[in-house]
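Spelled out, the chains give:
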Amino acid sequence: MPWRKKEKVRVQCYPGGKSILLRFAGYFLIGLGMALILLCVPSWAWLSILGAALILAGVLLAKN
């Protein structure tokens, strides 16, 4: 059958970091980036995103 291949599928994975220090630095940078976004985006932008999410939820509920 044409959709069944006989050769093995090759899979590539991300390299697993062995260093705990590098892993901690990565988590720290992710947290710092999230904190900067939360602090630098004005509250009216967060409220507009919340309003858009509520409108979308309402539309999805009304369709069902």
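Shown above is the structure to which this text applies.
Quick summary incoming for the structure in this document. (Residues numbered from 1 in each chain as written. Predicted model: local features only at pLDDT ≥ 70, side-chain atom pairs only at ≥ 80, totals over all residues. Heavy atoms only, no water.)

### Description of the overall build of the protein chain
A tally of regular secondary structure across the protein chain gives two helices and zero strands. Split into buried and exposed, the 64 residues of the protein chain put 2% on the buried side. As displayed, the protein chain offers around 6900 Å² of accessible surface, 73% of which is attributable to carbon and sulfur atoms. (Helix = DSSP H or I, 4+ residues; strand = E, 2+ residues; numbered from the N terminus. Buried < 20%, exposed > 50% of the residue type's maximum accessible area, 1.4 Å probe, protein only. Areas by Shrake-Rupley, 256 points an atom, 1.4 Å probe, with all protein chains shown as cover.)

### Some words on helix α1 (residues 20–40)
For α1, which comprises 21 residues, the first-to-last C-alpha distance of 30 Å matches the rise-based estimate of 30 Å (1.5 Å per residue) to within 8%. Where α1 begins, one side-chain oxygen reaches toward the backbone nitrogen of Leu21, 3.3 Å away; that side chain belongs to Ser19. (Expected span 1.5 Å × (residues − 1). Polar contact = N/O pair within 3.5 Å; in protein donor to acceptor, adjacent residues only side chain to side chain.)

### Focus: a nonpolar patch on the surface
Taken together, the side chains of Phe24, Phe28, Leu29, Leu32 and Leu36 make up a nonpolar region of the molecular surface, amounting to roughly 540 Å² of accessible area. Note that Leu36 resides in helix α1. Residue Leu36 is classed as partly exposed on the basis of its relative accessible area, which comes to 47%. (Patch = residues over 30% accessible without salt bridge, like charges linked within 9 Å, V, L, I, M, F, W, Y side chains within 5 Å. Salt bridge = Lys/Arg side-chain N within 4 Å of Asp/Glu carboxyl O.)

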